[in-house]
Every structure is written in C-alpha cells, then in structure tokens.
Amino acid sequence: MNYLNQIKRVSASDIAAYQQNGHVRINQVCEKKNIDDFRHQVNLSVNKRKEMINLAPLEERSTYDKAFLQIMNIWVENPQLAKWILSKRFAGVAAQLMGVEKVRIYHDQALFKEPSGGFTPWHQDQHYWPLETDNCITMWMPLMDITRDMGTLNFASGTSKVGYLGDMPISDDSEAYLSKLCAEQGFDIANYGNMEAGDATFHSGWCLHGAGPNLTNTLREVMTIIWYEDNTKIIARPDPQNRWNASRENDLATWLPGCSEGEEAASEINPLISPFS
Ligand SMILES: O=C(O)CCC(=O)C(=O)O
C-alpha cells in the first residue's frame, strides 16, 4: 500500500492525553526513512515563495516576524507536496485524536525559525479561525532532527477548554497577557524537548502555546497542517458572543474563499479527507 495511505494507529493513552491536555507528542508520524521527499517538496515550495518576499534583517523586524518565516498553503501550488499534506496518514492521526471520521484541511504552513530567530509569543491559534467548532488541530512536524534550543513548542496544559479569550494576535501583547494568565491560573507548561525528523506534536485550536528562540546556528525546519472536523460552520453574523475580529475577517477571505458567515466551511481549498475509508 502507498505509504501516504497507511494509517498510523494512535494509542488510547495518547488520545486521552490529547483530550485532557490539548496537546500530545506522537513519534514517527512520518517515519524517518520517508522524510526526505516530504522535506524536499516543502523546501522547493518555501524557496520559491521566499524569492517573492522582501525580508528585512532580523533586528529590524517585529516580534512576530522575528519568530519564523511563515510560508502558507504551499500544497496548492505543488502537486507532489499535496500528496503529503492531503495524505490519509497525517489526517488519520489527527482524526483519531479529534475522535472523528472525517476532517477538512484549513491550511498548511511552513514555520522555519532562522538561526538567532526570536521566541514565538504565547497565543491561541483559533483566535485566527472563524470556525464554529472547538474540534480543530494543528500538527507541528520537524523535517530534521531538532533540539529544544532551536525552539520546540511550550504548551499550557488544559487550556484547550478555555475557549476564545479575546482579540489577541501573536504579539508582545499576547505574550504579556497570556504568560501572566498561565502563571496566575497555575497551568502546567509542557515542552517535549528534542525531536527527531518526522516526530510531531499535535495541539488543539484553543491550547495556549509559544516557543523559545532559536539559539543555534541552524535553521529550524518545521511543517504544520491544520484540520477541523467535517460539517463545521463558519461563525454567523451578528455573533452574540462577539467573536469576530480583524484576523478572522482576513482568514475568512483567504482560507475559505467564496464561503459566507453561517455557512459550511467547505471551499475548494478545504478538501475533505476520509482517512479510514
Ligand atoms: O513554530 C513555532 O514557533 C510556533 C508554531 C505555532 O504557533 C503553531 O504551529 O501553531
């Protein structure tokens, strides 16, 4: 069977840990012997896109832009990479953790932390996503062996249940507010440490997380994929809970093109993946 269709079974204890803490580490989601093609395809696309970006020197950038090179939704322009991003193998792990049969892709993103790249401020991913579900997940996979001092993720355990905490894009403000919140509420902070190429951490949409700076001279190559459960609607408007913000407006236009508030979140760039059938 094609490797990309091979389902990796997740243990009951890993599923329980994810449900409880909002994050979990699963080793060899892509076995090391198979990582080279995935890494190669990501790098091809990243290098192509990078040519179009005018990168300022690190010291002149904002905290956000110091944290990583963020190259988004590259699967749509690279059919060889699309095979990986839309694979049953990756979506199967996500679906088992989420407890669903089918998922949709929200978007992918390469997050490359440069040598001496800055810390990633505390944030909630789902602050950006106009999705009417709590069942969203991100896979964060290094494409190379990495050490903790290259900036592996810190997670505040149990925060997947806190919901929307307000309009807080990744910034010095989100760092200040959310690190204070973590300290005050006494959330345990987890970091899974060194990882091998193809290991992955998974975190849910509301789980508070961030990362340290890259203290090494090596570029930290990480690829991420975001999925949400099938049959998810876009937040309606007006929203009595006041959850629309500028980031969500932008995401609606960018990652759900042609879809409207209150409708199913299912544009042509959010393909449905049924890993188990
Ligand atoms: O790679 C990083 O430093 C941050 C990653 C992150 O925030 C995410 O994948 O949601």
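See the structure shown above.
In this text, all values refer to a predicted model and were calculated from it rather than measured experimentally.

J.: Give a description of the overall build of the protein chain that names residues and reports values.
T.: A tally of helices and strands in the protein chain yields seven helices and 11 strands. Expected size for 277 residues packed as a compact globule is a radius of gyration near 19 Å; at 18 Å, the protein chain falls within 12% of this value. With the principal axes as the frame, the protein chain shows a C-alpha extent of 50 × 45 × 40 Å. For the protein chain, the proportion of its 277 residues judged to be buried stands at 55%. Intrachain contacts of the protein chain at a sequence separation of at least 6 include 87% that bridge at least 24 residues. As presented, the protein chain carries roughly 11800 Å² of accessible surface, and 49% of it is formed by carbon and sulfur atoms. Within the protein chain, the 35 negative side-chain charges are centred at a point lying 5 Å from the centre of the 25 positive side-chain charges.

J.: Give a detailed account of the packing of aromatic side chains, specifying residues and quantitative values.
T.: Inspection of every chain in the model, using the stated rule, returns eight aromatic pairs. Measuring from centroid to centroid gives 6.2 Å for Y164 and W206, while their planes differ by 55 degrees, and the two rings are tilted. Taken together, the positions of Y164 in the loop between β6 (153-156) and α6 (172-185) and W206 in the loop between β8 (200-204) and β9 (209-211) put the pair 42 residues apart, joining distant regions of the chain. One aromatic cluster in this structure is built from F38, W84 and F90. A cation over an aromatic ring shows up here: R237 above the ring of W244, its NZ or CZ 4.1 Å from the ring centre. Geometry around Y164 places R248 over its ring, the cationic atom sitting 4.6 Å from the centre.

J.: Explain unusual backbone geometry to me, and be specific about the residues and the numbers.
T.: If a residue is not glycine, its phi is most likely negative; likewise, a peptide bond is most likely trans. Cis rather than trans, the peptide bond between R237 and P238 has omega equal to 5 degrees. Its location among the elements puts P238 in the loop between β10 (220-229) and α7 (246-255). Backbone geometry at S116 places phi at a positive 65 degrees, although glycine is not the residue there. Its place among the elements puts S116 in the loop between β3 (103-113) and β4 (120-123). Accessibility expressed as a relative area gives 56% for S116, which makes it exposed.

J.: Explain the pattern of salt bridges to me, and be specific about the residues and the numbers.
T.: What the rule picks out here adds up to 15 salt bridges. Note that R49 is salt-bridged to E77, the shortest N-O span being 2.9 Å. Here R49, found in helix α2 (residues 35-50), pairs with E77, found in the loop between β2 (69-72) and α4 (79-85); they are 28 residues apart in sequence, far enough to count as distant. When the shortest N-O distance is used, the salt bridge between R104 and D230 registers 3.4 Å. Taken as a pair, R104 in strand β3 and D230 in the loop between β10 and α7 lie far apart in primary sequence, 126 residues in all. Taken together, the salt bridges that share partners define one network made up of E31, K33 and R89.

Cut-offs and rules
Residues numbered from 1 in each chain as written. Predicted model: local features only at pLDDT ≥ 70, side-chain atom pairs only at ≥ 80, totals over all residues. Heavy atoms only, no water. Helix = DSSP H or I, 4+ residues; strand = E, 2+ residues; numbered from the N terminus. Rg over C-alpha atoms; globule rule 2.2 N^0.38 Å. Buried < 20%, exposed > 50% of the residue type's maximum accessible area, 1.4 Å probe, protein only. Contact = heavy atoms within 4.5 Å. Areas by Shrake-Rupley, 256 points an atom, 1.4 Å probe, with all protein chains shown as cover. Lys, Arg positive; Asp, Glu negative; His and termini not counted. Charge placed at Lys NZ, Arg CZ, Asp CG, Glu CD. Phe/Tyr/Trp six-rings, centres within 6.5 Å; stacked < 30°, edge-to-face > 60°. Lys NZ or Arg CZ within 6 Å of the ring centre and 35° of its normal. Salt bridge = Lys/Arg side-chain N within 4 Å of Asp/Glu carboxyl O.

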